[in-house]
Amino acid sequence: MPVDTKRVRGPEESQSPLLFVGGDVGARPRPLQPRADGRSAAEPRPVFARAGLVSQADGSVYAEYGRSKVLCAVYGPRESDRKEERRLSGATLGCEFRFAPFSCSKRAAWIQGNLEKEYSSIMEQSLQPAICLHKYPRSQIEVYVMVLENDGSTLAAALTCASIALAEAGIEMFDVVVGCSLRQCGDVSLLDPTAAEDYNASSSQEVQSAKTPENPEEKIETGLAQFLDWCTQSGLVLSSKVYVSKEGTVADYGLVAKDEIEEGELLFSVPRSAVLSQHTTAISNLLKKEEAALESPSGWVPLLLSMMFEITSSESPWKSYFSLWPDFSSLHHPMFWSEEERNRLLLGTGVALAVEKDLLNIEEEYNSIVLPFMMSHPDTFDPKKHTLDLYKKLVAFIMAYSFQEPHEDDEDDDDEAPKPPMMVPMADILNHVANHNAHLEFAPECLKMQSIRKISKGEEIFNTYGQLANWQLLHMYGFTEPYPSNTHEAMDIRMQMMYDAALQAVRTEEERKLLMEKWEFLTELEIVGEEGDFVIGQAGVLTEEELYSTLKVLSMSLEEFEEYKANDGWEEDEEEDLSTLDNAVIPKLKPAWKQLLRNTVTMRLKSYSSGLKEEEATLANEETYRQLSKRERDSLQVRYAQKMILHRLLQLTE
């Protein structure tokens, strides 16, 4: 019997799902009065679409959803530009969503913003399962969407246009993806909302005064609105000169200046009662009682248990605080990358090895400390709900967003254990740059964020997470700073690598034995160690004494070493103190020292899977760089910054 392959075959008879809905029909969302454009709550806007308008594209569609106008172009399938993306298993899909600068009442920037990046990612996730990618091996398919006029529901329009454009390009699909927007305002649902309805659909959703700037372009999401309301109820005081936003920030949510801010102004204050810690959680008494059983090398177990309890409790006072991070899906920590992805993108950077150690330590801590504790308190914890997967997410969350209160400035504080971490609402929204403009101060009654320099209107407010290199930022926080803006950039060279480099230059058995003796002597003096690293910064060596002593001892002759060893590593009347080892001093080192350092640097460069010129070419090509995923861009920034430091050392040791 002939089969119609163009139709979805299903049952010949069907019944409305409404027949199986229990409860009172009157309990359903009530209809809204006619909207500003005359539509009912469940009525979409008129749609116009036309294909084939972009002549150079393989498929294109122009569509109008009321006043919203969207243009989509599809290119491919075609051979991938980059060899590493040529997969035999199928094509790779890339999506880019952009607002034209003139599309909004507030002029958009040419640089892709956070909202555009988020929409691009959503499009890729939505379209990928619908396309028969397996039929196009070693190729790429690119989808570009440009919003010409934004009057709401642009993402839904973009998804529908992309599906039509893919079909016009002749790309085989399992099904067509259709987008639709719904705005929930209390018990009212608005289908296909306009921009005005999306931003101001219900007075109950409006956030007044200091919570948002007085312009309709700034979208307040439900989770953010709930969080800001909670802040007010919790006694958190936010300056009228700042507001929380995703627009105009470097990553996700951030704090933006609404007006000019002078140095020393208070941006917000957080009462101690709003801080989430092992002392403020509902299970604080239990944690204090079991304090000895919860000791761990990390010192984070009490806070992690507090977080696990509060985030799964429907009565938690921090419920609205957690609404900003639903399921922690926005975490970009390398811990959540695949092992193949970490090894491919981060080979040689040290990040992959650090993450592997983290994962082993997390699993060990959960199984040996956390799980037995939960099993002994079944009324409070449930291992089926408080799983290892949730524990890993919370470790990454605490690593990226927690704060640690410093000890008071006393001389005896060096020997004290660090204070346990805590979660500080609002303060953890601030993003990081090395050249920050705000600082968190710990007062007895509250925590205060203050400006440390003048901040212009529209400028993002940044805190600092410390003097961290890009590889450390990626390892702990899941982001990087574009080169060369990170003034704290640095990289590590394993101490053992210098021994290996020296061993390669050995010619006789006597020289090998002497080298081993020198290394053992340095180890006894605790100058080097099996897990130790030499740290190199942009301006020179940061572990100056260790590297200086190692170069000196490994380059000594037998007679010099015997005399040095007899004096237990002390020498008198040195000709010149070069132990600073900055970029101005390194060229003045003895030839043998420079050669050993150069050989070590050369060996370190071989640990990467790519060269500096390849990285430079990618960074120089704006189009190629823009097509990289966030993970690829962050990994590239880490590799490039480290290689620049190493190549500078090569120049200094010529």
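First, a word on what this report is: a plain description of the structure on this page. (Residues numbered from 1 in each chain as written. Predicted model: local features only at pLDDT ≥ 70, side-chain atom pairs only at ≥ 80, totals over all residues. Heavy atoms only, no water.)

Re the overall build of the protein chain
The criterion, for reference: For the purposes of this entry, the term helix denotes a DSSP run of H or I that reaches at least four residues, the term strand denotes a run of E that reaches at least two, and both are numbered from the N terminus. For every residue, the accessible area (1.4 Å probe, protein chains only) is compared with the maximum for its type, and the residue is labelled buried under 20%, exposed over 50%, or partly exposed between those bounds. Contacts are assigned to residue pairs that have any heavy atoms within 4.5 Å of one another. All accessibility values rest on the Shrake-Rupley procedure with a 1.4 Å probe; residue burial counts only the protein chains present in the view.
Helix and strand counts for the protein chain come out as 19 helices and 17 strands. Taken over 654 residues, the protein chain has a buried fraction of 47%. A separation of at least 24 residues holds for 69% of the contacts in the protein chain among residues at least 6 apart in sequence. Accessible surface for the protein chain amounts to roughly 34600 Å². Of this, 51% is attributable to carbon and sulfur atoms.

Quick look at the pattern of salt bridges
What counts, and what does not: Note on definitions: salt bridges are taken to be side-chain nitrogens of Lys or Arg within 4 Å of carboxyl oxygens of Asp or Glu.
For the structure on display, the rule yields 25 salt bridges. Residue K135 pairs with E172 through a salt bridge whose shortest N-O separation is 2.7 Å. Placement of the pair is K135 in the loop between α1 (114-127) and β5 (139-149) and E172 in the loop between α2 (154-168) and β6 (182-185), with a sequence separation of 37 residues. Look at the salt bridges and you will find they share partners, linking E96, R98, E116, E623 and R626 into a network.

Overview of the packing of helix α6 (residues 301-311) against helix α9 (residues 351-375)
The criterion, for reference: For every element, the axis is a line fit to its C-alpha atoms; helices are fit only across the contacting stretch, and the angle between N-to-C directions ranges from 0 to 180 degrees. Angles below 35 degrees are treated as roughly parallel, those above 145 as roughly antiparallel, those between 65 and 115 as roughly perpendicular, and all remaining angles as oblique. We call a crossing left-handed when the near helix sits turned anticlockwise from the far one by less than a right angle, and right-handed when that turn is clockwise. Any residue that is not Ala, Val, Leu, Ile, Met, Phe, Trp, Tyr, Cys, Pro, Asp, Glu, Lys or Arg is counted as polar, Gly included; the first ten are nonpolar and the last four charged.
Between α6 and α9, the least distance of the axes is 12 Å, while the angle of their chain directions is 55°. Here α9 runs oblique to α6, going by the angle between their axes. Considering the relative orientation of α6 and α9, their crossing is right-handed. From α6, V301, L304, L305 and M308 reach across to α9, where they touch E365, I369, V370, F373 and M374. Its residues placed into classes, the contact of α6 with α9 shows eight nonpolar, no polar and one charged.

Some points on the packing of α1 against α2
Two numbers describe how α1 lies on α2: the axes approach to 11 Å, and their chain directions differ by 45°. The angle between α1 and α2 places the two elements in the oblique class. Between α1 and α2 the crossing geometry is right-handed. On the side of α1, the interface is formed by Y119, I122, M123, S126 and L127, while α2 contributes T154, L155, A158, L159, A162, S163 and L166. Partitioned by chemical class, the residues of the contact of α1 with α2 number nine nonpolar, three polar and no charged.

Section: the sheet that holds strand β3 (residues 68-79)
Rule in force here: Strand pairing is assigned whenever DSSP detects at least two bridges linking the two strands.
Ordered in space as β1-β2-β3-β5-β4, the five strands form an open sheet in which the pairing is mixed. Each edge of the open sheet carries a strand with a single partner, namely β1 (47-51) and β4 (92-99). Within the sheet, the average angular offset between the axes of one strand and its neighbour, ignoring direction, is 15°. Summarising the sheet, β4 and β5 pair through eight bridges and their orientation is parallel. Along β5, the bridge assignment pairs T92 with Q140. Relative to β4, α1 is tilted by about 145°, and along the sheet it contacts β4 and β5. The strands touched by α2 are β1, β2 (59-65), β3, β4 and β5; relative to β3, the strand with the most contacts, the crossing angle is about 40°.

What to know about helix α11 (residues 470-477)
Within α11, six of the eight residues are buried, leaving the element largely enclosed by the surrounding structure. Buried within α11 are the following residues: N470, W471, L473, L474, H475 and Y477. Each element contacted by the buried residues of α11 is listed here: α9, α10 (388-401), β12 (431-432), β16 (490-494) and α19 (630-652). In the stretch just after α11, G478 is the one whose phi turns positive, near 85°.

A closer look at the packing of aromatic side chains
Here is the rule we go by: Stacked, tilted and edge-to-face are the three classes assigned to paired rings of Phe, Tyr and Trp, where Trp is represented by its six-membered ring and a pair needs centres within 6.5 Å; plane angles under 30 degrees give stacked, over 60 edge-to-face, the rest tilted.
Within this structure, the stated rule accounts for 20 aromatic pairs. Measuring from ring centre to ring centre gives 5.2 Å for F97 and F99, while their planes differ by 80°; the resulting arrangement is edge-to-face. One exposure class covers both F97 and F99, and it is buried. With centroids separated by 5.4 Å and ring planes inclined at 45°, the aromatic side chains of Y321 and F322 adopt a geometry described as tilted. Residue classification places Y321 among the buried positions, given a relative accessible area of 0%. Here F322 falls in the buried class, since its relative accessible area comes to 8%. Every member of this aromatic cluster is reached through a ring pair, and the members are F227, W230, Y321 and F322.

Spatial relationships are all this shows, so hold off on functional conclusions.
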